[in-house]
Amino acid sequence: MAAGIGEFFFKRQTKQKLEEEMLEKRRELEEAEKEKYRELKESQEEVKRLSEDVVWFKRMMAHNIRMPLAIISGYGELLANDSFSTREEELDCIQKICKNIDYLDTLTKVLLDNEQESALTQQEYFDVLECVRQVAEYVKTIAQKAGIGISVNSSKKMVLLYGNRISLMRAFFNLIENSIRYMNRQGNVFITVEETENEILIVYRDDGEGMEPEEAKYITQLNYQGSNKKKEGHGLGMYLIEQAIVEQGGKLTIKTGQGSGMGVYMAFPKIRQEKL
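Just so you know, these numbers come straight off a predicted model, no measurement behind them.

Student: Can you break down the overall build of the protein chain residue by residue, with the values?
Tutor: When helices and strands are counted, the protein chain shows seven helices and seven strands. Mapped in sequence order, the helices and strands of the protein chain form the string α-α-β-α-α-β-β-α-β-β-α-α-β-β. Here the protein chain holds 276 residues, and 35% of them are scored as buried. Put simply, of all contacts in the protein chain between residues at least 6 apart along the chain, 72% involve residues at least 24 apart.

Student: Describe helix α7 (residues 237–247), naming the residues involved and giving the relevant values.
Tutor: Of all the positions in α7, only G237, M238, L240, I241, A244 and I245 are classed as buried. Burial along α7 is one-sided: seen end-on, the buried residues are contained in an arc of 160°. Phi turns positive one or two residues past the end of α7, at G249, with a value near 80°.

Student: Explain the sheet that holds strand β2 (residues 148–153) to me, and be specific about the residues and the numbers.
Tutor: The strand order across the open sheet built from five strands is β2-β4-β5-β7-β6, with neighbouring strands paired in mixed fashion. The outermost strands of the open sheet, each flanked by one partner alone, are β2 and β6 (251–256). Sheet twist, expressed as the average angle between the axes of neighbouring strands with direction ignored, equals 10°. Pairing of β6 with strand β7 (residues 262–269) involves six bridges; the strand directions are antiparallel. The partner of I254 across the bridge, within β7, is V264. Contacts from α7 reach β6 and β7 within the one sheet, and its direction differs from that of β6 by about 140°.

Student: Summarise the environment of I271; cite the residues concerned and give the values.
Tutor: On the secondary structure map, I271 appears in the segment after β7. On the basis of relative accessibility, which here comes to 46%, the residue I271 falls in the partly exposed class. For the pair I271 and I200, spaced 71 residues apart in sequence, the C-alpha separation works out to 9.9 Å. Not counting the four nearest positions on each side in its chain, I271 is found in contact with Y125 and Y162.

Student: Tell me about the packing of helix α5 (residues 165–182) against α7, residues and numbers included.
Tutor: In the contact formed by α5 and α7, the axes pass within 9 Å of each other and the chain directions differ by 150°. In terms of orientation, α5 lies roughly antiparallel with respect to α7. Remark: the crossing between α5 and α7 carries left-handed chirality. Residues S167, L168, A171, N174, L175 and N178 of α5 pack against G237, M238, L240, I241, A244, I245 and E247 of α7. Taken together, the residues of the contact of α5 with α7 sort by class into eight nonpolar, four polar and one charged.

Student: Describe the pairing of strand β5 (residues 199–206), and please don't skip the residues or the numbers.
Tutor: The side-chain alternation of β5 yields one buried face, formed by I200, I202, Y204 and D206, and one unburied face, formed by E199, L201, V203 and R205. Direction of pairing for strand β4 (residues 187–195) relative to β5: antiparallel, over a ladder of seven bridges. Pairing of E195 across the sheet is with I200, part of β5. Between β4 and the antiparallel strand that follows it, β5, lie three residues.

Student: Before we move on, can you summarise the packing of aromatic side chains with the specific residues and values?
Tutor: The geometry of an aromatic ring pair is captured by two quantities: the separation of the ring centres and the angle between the planes. Using the criterion set out here, one finds two aromatic pairs in the structure. Seen in terms of ring centroids, Y138 and F173 are 6.3 Å apart; in terms of plane orientation they differ by 10°. Their pairing is stacked. Placement of the pair is Y138 in helix α3 (residues 128–138) and F173 in helix α5, with a sequence separation of 35 residues. A residue is classified by how much of its surface remains accessible, and Y138, at 5% relative accessible area, is buried. Given the relative accessible area of 3%, F173 is considered buried. Looking at K255, its charged tip hangs above the ring of Y265, at a distance of 5.1 Å from the centre.

Student: Describe unusual backbone geometry, naming the residues involved and giving the relevant values.
Tutor: Its identity is not glycine, yet D82 carries a phi of approximately 50°, on the positive side. Checked against the element boundaries, D82 lands in the loop between α1 (2–80) and α2 (87–112). Using a relative accessible area of 57% as the deciding quantity, one classes D82 as exposed.

Cut-off values and rules
- Residues numbered from 1 in each chain as written.
- Predicted model: local features only at pLDDT ≥ 70, side-chain atom pairs only at ≥ 80, totals over all residues.
- Heavy atoms only, no water.
- Helix = DSSP H or I, 4+ residues; strand = E, 2+ residues; numbered from the N terminus.
- Buried < 20%, exposed > 50% of the residue type's maximum accessible area, 1.4 Å probe, protein only.
- Contact = heavy atoms within 4.5 Å.
- Arc of directions from axis to C-beta.
- Pairing = 2+ DSSP bridges.
- Axes fitted to C-alpha atoms, helices over the stretch in contact; angles between N-to-C directions.
- Parallel < 35°, antiparallel > 145°, perpendicular 65-115°, else oblique.
- Left-handed = near helix turned anticlockwise from the far one by under 90°.
- Nonpolar A, V, L, I, M, F, W, Y, C, P; charged D, E, K, R; others polar.
- Phe/Tyr/Trp six-rings, centres within 6.5 Å; stacked < 30°, edge-to-face > 60°.
- Lys NZ or Arg CZ within 6 Å of the ring centre and 35° of its normal.

Structural measurements only, silent on function.
Put into structure tokens, the structure is as follows:
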């Protein structure tokens, strides 16, 4: 009798132990499945993120190189058509092509080579007035083809800004490209560069069609395109412009109205250094 009871409890304990082991194995399998699901989900999210990064990079590259390539093409067309009356004019055109090639070379190195990324964050003193004049001169031929004149004015001979020259050049290429594409009529672009005791002020204005003030509130948001959007546009221009200004400690304000053109106001704090 005692032996029978002992065998009963032994079998019961053995069964219970087997059930506990099976339950533990099931938990381990479920946990392994959950872990595999998490890893798969993370992999899918990483692939999605990388895909989005590739799309963003392609759009940014296209946006940044479009204007310099158009300038090179425009000057090349003038050379091909023998449009210059003097050798001096011809050499000036060739020099502008070379400078735009240099700019593109620098830009692509910065965007494609991780070791060169610091070139977009490197801060130094440079003549922002000369920088703006240089960009205006580069795009003059393209702007003239669209019936748009560009003038740069200042009461100063030189205006030193502490910031990144390449980044600011990109911003002005984008600004002028926006005017050429969205003014929707012939007109003018006016750029004024001035400085006060504490600030450097740059005012960029065109006399195009402008846009509704309500739309202008969102114009610097990534991917935003207003009612006058173009088929080939991506909504990157003003976003990149604001990023460039803010990264250099500046502030950007936009003033516009339907039929009254576009005004972009930039203010940078003056940073003093004992020895320039």
